[in-house]
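Notes for the structure review
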Amino acid sequence: MREKVISGFAYLWAGLTGVASGLSMNEIGVLISIFATVFTAFINWFYRHRTATNNLR
C-alpha cells in the first residue's frame, strides 16, 4: 500500500514541476494567490457549516 502512495506522490510531483517549469515567477505567484483564496473560502465555508450543524443539536 505504501508503494502506491509514494508512486502517486511521485506522479503528482512530476506533474507539478513540469507545469511550474513552463511558468514565470509572476504566473506562479498568481496561481498561488488563487489557490490560497479558494482554500480560505473553503475553510470559511467548512467552519460555518460545522458551527451551524453544531448549533442545531
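In the block above lies the structure referred to throughout.
Rules behind the numbers
- Within each chain, residue numbers correspond to sequence positions counted from 1 in written order.
- For a predicted model such as this one, the threshold for reporting local features is a pLDDT of at least 70, and the threshold for listing and counting side-chain atom pairs is 80 or more; totals across whole chains, interfaces and linings nevertheless cover every residue.
- Values shown for side chains rest on all heavy atoms present in the structure; no hydrogens or waters enter the calculation.
- Only DSSP runs of H or I covering at least 4 residues are called helices, and only runs of E covering at least 2 are called strands; the numbering of each starts at the N terminus.
- Exposure categories follow from relative accessible area, calculated using a 1.4 Å probe and restricted to protein chains: below 20% of the type maximum is buried, above 50% is exposed, and the middle band is partly exposed.
- Each accessible area is a Shrake-Rupley result for a 1.4 Å probe, and residues are judged covered by the shown protein chains and nothing else.
- Stacked, tilted and edge-to-face pairs are distinguished by plane angle, under 30 degrees for stacked and over 60 for edge-to-face with tilted covering the rest, among Phe, Tyr and Trp rings (Trp via its six-membered ring) whose centres lie within 6.5 Å.

Looking now at the overall build of the chain. For the chain, the count of helices and strands is two helices and zero strands. The buried share of the chain, taken over its 57 residues, is 0%. Of the roughly 5500 Å² of accessible surface on the chain, 70% is carried by carbon and sulfur atoms.

Let's shift gears to the packing of aromatic side chains. Evaluation of the coordinates by the stated rule reveals four aromatic pairs. Judged by centre distance (6.3 Å) and plane angle (20 degrees), the ring pair of Phe9 and Trp13 falls under stacked. Of the two residues, Phe9 and Trp13 both sit in helix α1 (residues 2–21), four residues apart, roughly one turn of that helix. Side by side, Phe9 and Trp13 carry an identical accessibility label, which is exposed. Pairing Phe35 with Phe39 gives two aromatic rings, centres 6.1 Å apart and planes at 20 degrees, and the pair type is stacked. On the criterion of helical spacing, the pair formed by Phe35 and Phe39 is a turn pair, its members being four residues apart in helix α2 (residues 25–56). For Phe35, a relative accessible area of 59% corresponds to the exposed category. Using a relative accessible area of 45% as the deciding quantity, one classes Phe39 as partly exposed. Among the aromatic residues, those joined into a ring-pair cluster are Phe42, Trp45 and Phe46.

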